[in-house]
Amino acid sequence: GAVVSQHPSWVICKSGTSVKIECRSLDFQATTMFWYRQFPKQSLMLMATSNEGSKATYEQGVEKDKFLINHASLTLSTLTVTSAHPEDSSFYICSARPGQGYEQYFGPGTRLTVT
Amino acid sequence: GQQVMQIPQYQHVQEGEDFTTYCNSSTTLSNIQWYKQRPGGHPVFLIQLVKSGEVKKQKRLTFQFGEAKKNSSLHITATQTTDVGTYFCAGPGTYKYIFGTGTRLKVLA
């Protein structure tokens, strides 16, 4: 149990285009989902916290207009990188927390390359 | 803001040697979590510690929460090649967890 999927697993896009990444909790309902960014050999940097049915809470320094987050249901959250630039290339990982539980279950991540 | 630091940043050990990573928080924590991320993979939850001075074991892994609840450690006895990866601690912030800087473990066969 407690499986989180992400789609796509990797994507290459051209500078200036937008990319949508989906995060799904497959066998549980996630009231809270988190979006992280991870650069090679570095720690996880929390970008935003997404609660179902409400606006996401963005961390300081993360542009909300550039990284659009939608948590439309208890099993799906999406991250859209708008007008992507090469510096947005990174590994994006989502995690989901079921109900009142304290564990986070991570998705497999999406590797974004912007050319 | 709240910071969670880990040392060492990297550790190379011979297979069979022990390994320890230390996690230090700038603030007192109500609990602490540990995760393992294999190369190319995603973090996987290992354990949560809640009580001051708590020690928990999972096979060859021993987790400890400091008395002051500001630090924690993960000790692996007799490392194996399957232990390779990055170990992160994470402490609770406001409605989120702050991940530590991580310790990357390499095990040489």
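1. What to know about the nonpolar core
Piece 1. Ranked by internal contacts, the top residues of the largest apolar core, which has 25 residues, are Trp35, Tyr58, Phe67, Ile69, Leu79, Tyr92 and Leu112 of chain A.
Piece 2. Residue assignment for this core shows that the elements contributing at least two residues are β2 (10-13), β3 (19-25), β4 (30-38), β5 (44-51), β7 (67-73), β8 (76-81), β9 (90-98) and β11 (110-114) of chain A.
Piece 3. Sequence-distant contacts of Phe67 of chain A, that is, excluding residues within four places in its chain, are made with Arg37, Met47, Tyr58, Val62, Leu79, Thr80, Val81, Asp88 and Tyr92 of chain A.
Piece 4. With 19 residues, the next largest nonpolar core counts Leu46, Ile47, Phe63 and Leu74 of chain B among its residues.

2. Some thoughts on the packing of aromatic side chains
Piece 1. All chains considered together, the criterion is met by 12 aromatic pairs over all chains.
Piece 2. Here the aromatic rings of Tyr36 of chain A and Phe99 of chain B are separated by 5.4 Å at their centres, their planes lie at 85°, and the arrangement is edge-to-face. On the criterion of chain membership, the pair formed by Tyr36 of chain A in strand β4 and Phe99 of chain B in strand β10 (residues 97-99) is interchain, its members lying in two chains. Here Tyr36 of chain A matches Phe99 of chain B in class, with each residue buried.
Piece 3. Judged by centre distance (5.6 Å) and plane angle (80°), the ring pair of Tyr35 of chain B and Phe45 of chain B falls under edge-to-face. Of the two residues, Tyr35 of chain B is situated in strand β4 (residues 32-37) and Phe45 of chain B in strand β5 (residues 43-49); the sequence distance between them amounts to 10 residues.
Piece 4. A relative accessible area of 0% places Tyr35 of chain B in the buried class.
Piece 5. Classification of Phe45 of chain B as buried rests on a relative accessible area of 16%.

Definitions and cut-offs
- Residues numbered from 1 in each chain as written.
- Chains lettered and ligands numbered in written order.
- Predicted model: local features only at pLDDT ≥ 70, side-chain atom pairs only at ≥ 80, totals over all residues.
- Heavy atoms only, no water.
- Core = buried A, V, L, I, M, F, W, Y, C linked by side-chain atoms within 4.5 Å.
- Buried < 20%, exposed > 50% of the residue type's maximum accessible area, 1.4 Å probe, protein only.
- Helix = DSSP H or I, 4+ residues; strand = E, 2+ residues; numbered from the N terminus.
- Contact = heavy atoms within 4.5 Å.
- Phe/Tyr/Trp six-rings, centres within 6.5 Å; stacked < 30°, edge-to-face > 60°.

Scope: geometric values only; no functional claims are made or implied.
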